[in-house]
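Survey of secondary and tertiary structure
Residues per chain are reported as follows:
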Amino acid sequence: MRPGRKAFLGMLAIMFLMGCQGSFSSAQRDSPLAKEGVTVYRTPSCGCCGEYVRYLRDHGVTVHVIEQDDLTRLKRQWGIPEPMWSCHTARVGPYVVEGHVPLEAIARLLRERPDARGIALPGMPSGSPGMGGARSGPLTIDLLTVDGQAHPWMEW
């Protein structure tokens with residue numbers, strides 16, 4: 001390949017990537033997540049919590065991380081039923097987001113604004129955002145109601 005052609009193809013590639021970045025940013029501006037930052041409460045020793053934060057940031061979400069040795073008090077204070085607990089808890093606007101919840105569910109929560117405490121994906125299921133492995137089937141995200149109950153809300 002001639003040197004001039006290599007430079008031309010390199011410039012085309014850069015222009016393409018810049019164009020993709022621009023359209024990605026405009027799509028994010030229209031997302032409910034563009035208006036809300038996410039605060040993730042996690043323990044310092046948990047690696048998958050760090051991967052979840054990376055997942056959010058890689059998708060353009062502004063994330064503030066607060067590390068604490070024990071999240072039990074917060075989970076109880078915010079009314080998260082114990083069977084719904086995971087390794088980290090997030091706050092998005094007035095809502096709690098418990099566990100490795102996908103962005104699609106958080107965006108739906110912010111669009112619909114249900115009268116609820118938040119949403120949860122209990123445990124640390126394989127194939128969920130921030131966790132390794134593959135999903136063995138759909139994962140159920142639960143709605144955490146104001147009366148302390150959890151009900152299936154969305155499959156992902």
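Here, every reference points to the structure presented above.
Reference entry: report on the structure contained in this document. (Residues numbered from 1 in each chain as written. Predicted model: local features only at pLDDT ≥ 70, side-chain atom pairs only at ≥ 80, totals over all residues. Heavy atoms only, no water.)

1. Side note on the side chain of Arg42
Inspection of the secondary structure assignment puts Arg42 in strand β1 (residues 38–42). Residue Arg42 is classed as buried on the basis of its relative accessible area, which comes to 11%. For Arg42, the side chain forms a polar contact with the main-chain oxygen of Pro44, separated by 3.3 Å. Sequence-distant contacts of Arg42, defined by excluding residues within four places in its chain, comprise Cys49, Gly50, Val65, Ile66, Glu67, Gln68, Leu71 and His88. (Helix = DSSP H or I, 4+ residues; strand = E, 2+ residues; numbered from the N terminus. Buried < 20%, exposed > 50% of the residue type's maximum accessible area, 1.4 Å probe, protein only. Polar contact = N/O pair within 3.5 Å; in protein donor to acceptor, adjacent residues only side chain to side chain. Contact = heavy atoms within 4.5 Å.)

2. Observations regarding the packing of helix α2 (residues 47–58) against helix α4 (residues 103–112)
One can describe the packing of α2 onto α4 by two numbers: an axis separation of 11 Å at closest approach and a directional angle of 65 degrees. On the side of α2, the interface is formed by Tyr52, Tyr55 and Leu56, while α4 contributes Leu103, Glu104 and Ile106. Residue composition of the contact of α2 with α4, by class: five nonpolar, no polar and one charged. (Axes fitted to C-alpha atoms, helices over the stretch in contact; angles between N-to-C directions. Nonpolar A, V, L, I, M, F, W, Y, C, P; charged D, E, K, R; others polar.)

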